[in-house]
Amino acid sequence: MTLRALIVDDDPNIVEVVSDIVTSLGHEHDSACCQDEVRQRLATANYDYFVLDLEIPVRAERSLARLQNGLNLLSELVSLGLGPVIVVTGYGNNGPDQGVECVKLGAADYVAKPFKREGKTLDGAITDALRRAGRLSSSGEAKRKTTAPPRPFEGGELQLLKKRMVVCGVDVPITPLMNRILTVLCEKRGNGRYPAYCGDELADHPDVLCRRGQNGISEAIHALRKRIVQKVRKDANIEIGDQDIIRSKGEGYRINERVTLVDGARRLVAAGNIPDQEIDVPDVPNHVPVNGQNVPDRVPVKRKSVPNDPDDVPDLNARQQWVMTQIEKGTEVRASMVVEQFGCSQKTAKRDLADLRDKRLLRFVGAPRTGHYRLV
């Protein structure tokens, strides 16, 4: 078996030097020059270890390279648990503080540039890190940790939190976009089934709003599936397939019916609304009648009561106060109605409604293009 590295550096000269070192060890490699490219690589390939320069940009040729970008990416790679991360950077040559910080964040080792030919070399740091991680034998032969054969996935519980999801008892870190997608997919219909959406519908959904459209949705779900497969296999020794949690064949993206959403006594936190924690709430019916139809209702969250008079609600602008008044009258409010009433832009109307959702005053029900807002 040949080990594979991902080299992360925005300096082509350094990438060339590191690639020569990795190749000399008999390993294969890919390279990435920014945070975005790393995430794209992780969505399509597996790596045994990472060689990370700290001073990198977020996007190629579109943002400044910053030391903090590398530290943020280091924390992300460590949380995914895909393999050891060896940090290489010109920073810290004058003292050990930077190296200590990287080790605290979970780096396997820290090597300052320019690379030494004797003493603590990059070759040695990589080899030592792989041995500690169980990826190399004492003789230098690549290996995997031996485990019992993985158990097949036979269904399980899914719990959604702000920065992570829990599948089969395993924590899987998620991005804000992944959270918004899961929040929509996990909200069951009146018939008790999970909804199905095509990529365009998810991208345009008021609770998702992915600026990159269906391509952004597809990439996010692909990356999420990969994280689930790797983490559950690694931490629970359960073999999960691409379609076992989020299905995409036939009707569109939807949660597999074999997945049980943790609900009722433990409220699952939606993206960006309240702190990443679980809140004890009483059991409530899964469905309540709205305008003559049964639709799923959220489990109530502890929050301040909303006064009957919208003018008494703090921090609401005139447009938001009008929205609250109309909804209390029974009007099915949509963003287009706010635009027509106040002559504002569609972007402003959506921002006002999103702010009301964040304040836990409103929620959106129905299909993305035909649904409306109602009180929580």
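The model shown is predicted, which means the values in this text are computed figures rather than measured ones.

This brings us to the sheet that holds strand β9 (residues 170–173). Reading across from one edge, β9-β8-β7-β13 is the order of the four strands in this open sheet, with mixed pairing throughout. The open sheet has two free edges, formed respectively by β9 and β13 (259–261), since each of these has just one partner strand. Going from strand to strand, the sheet's axes swing by 30° on average, the running direction of each strand aside. Of the pairings in the sheet, the one linking strand β8 (residues 164–167) to β9 comprises four bridges and is antiparallel in character. Within β9, the residue paired with Val 166 across the bridge is Asp 171.

Glancing now at the packing of helix α9 (residues 318–328) against helix α11 (residues 346–358). In the contact formed by α9 and α11, the axes pass within 10 Å of each other and the chain directions differ by 65°. Overall, the two elements α9 and α11 adopt an arrangement that is roughly perpendicular. You can see that α9 and α11 cross each other, and the crossing is right-handed. The segment α9 lies against α11, with Arg 319, Gln 320, Val 323 and Met 324 engaging Thr 348, Asp 352, Leu 353, Asp 355 and Leu 356. Considering only residue class, the contact of α9 with α11 consists of four nonpolar, two polar and three charged.

Confidence along the protein chain averages 78 in pLDDT terms, with 81% of residues attaining 70 or more. Counted against residues more than four places away or in other chains, residues 264–314, with its pLDDT under 50, gives 112 contacts.

Glancing now at the pattern of salt bridges. Using the criterion set out here, one finds 17 salt bridges in the structure. For the salt bridge of Lys 113 with Asp 53, the shortest nitrogen-to-oxygen distance reads 2.9 Å. Here Asp 53 lies in strand β3 (residues 49–53) and Lys 113 lies in the loop between β5 (109–112) and α5 (122–132), a separation of 60 residues in the sequence. This pair shows no difference in class: Lys 113 is buried, exactly as Asp 53 is. Here the salt bridges do not stand alone but share partners, grouping Arg 4, Glu 28, Asp 30 and Arg 41 into one network.

Of the consecutive residues Lys 113 and Pro 114, the connecting peptide bond is found in the cis state with omega at 0°. With respect to the element layout, Pro 114 can be found in the loop between β5 and α5. Non-glycine residue Leu 209 carries a positive phi angle of around 50°. Tracing the chain through its elements places Leu 209 in the loop between α7 (199–204) and α8 (213–236).

Moving on: a positive patch on the surface. On the surface, a cluster of positive charge is contributed by Arg 59, Arg 62, Arg 211, Lys 347 and Arg 351. Considering the arrangement of structural elements, one finds Arg 211 in the loop between α7 and α8. Note on Arg 211: relative accessible area 87%, which makes it exposed.

Note that soluble globular proteins tend to have their nonpolar side chains buried in a common cluster. Formed by 37 residues in total, the largest nonpolar core has its most connected members in Met 165, Ile 181, Leu 202, Ile 217, Ile 245 and Ile 246. Breaking this core down by element, the ones donating at least two residues are β7 (156–160), β8, β9, α6 (176–185), α7 and α8. It is α8 that contributes the most residues to this core, eight residues altogether. Apart from the residues lying within four places of it in its own chain, the contact partners of Ile 217 are Ile 181, Gly 199, Leu 202, Ala 203, Val 208, Cys 210 and Tyr 253.

Burial analysis of strand β1 (residues 4–8) places four of its five residues in the buried class, which makes it a mostly covered element. In the classification by handedness, the crossover that spans β1, the intervening helix α1 (residues 12–24) and the parallel strand β2 (residues 28–32) is right-handed. Summarising the sheet, β1 and β3 pair through four bridges and their orientation is parallel. The residue bridging Ile 7 from the neighbouring strand is Val 51, located in β3.

Thresholds applied
- Residues numbered from 1 in each chain as written.
- Predicted model: local features only at pLDDT ≥ 70, side-chain atom pairs only at ≥ 80, totals over all residues.
- Heavy atoms only, no water.
- Pairing = 2+ DSSP bridges.
- Helix = DSSP H or I, 4+ residues; strand = E, 2+ residues; numbered from the N terminus.
- Axes fitted to C-alpha atoms, helices over the stretch in contact; angles between N-to-C directions.
- Parallel < 35°, antiparallel > 145°, perpendicular 65-115°, else oblique.
- Left-handed = near helix turned anticlockwise from the far one by under 90°.
- Contact = heavy atoms within 4.5 Å.
- Nonpolar A, V, L, I, M, F, W, Y, C, P; charged D, E, K, R; others polar.
- pLDDT = per-residue confidence, 0-100.
- Salt bridge = Lys/Arg side-chain N within 4 Å of Asp/Glu carboxyl O.
- Buried < 20%, exposed > 50% of the residue type's maximum accessible area, 1.4 Å probe, protein only.
- Patch = residues over 30% accessible without salt bridge, like charges linked within 9 Å, V, L, I, M, F, W, Y side chains within 5 Å.
- Areas by Shrake-Rupley, 256 points an atom, 1.4 Å probe, with all protein chains shown as cover.
- Lys, Arg positive; Asp, Glu negative; His and termini not counted.
- Charge placed at Lys NZ, Arg CZ, Asp CG, Glu CD.
- Core = buried A, V, L, I, M, F, W, Y, C linked by side-chain atoms within 4.5 Å.
- Right-handed = clockwise from strand over helix to strand, strands pointing away.

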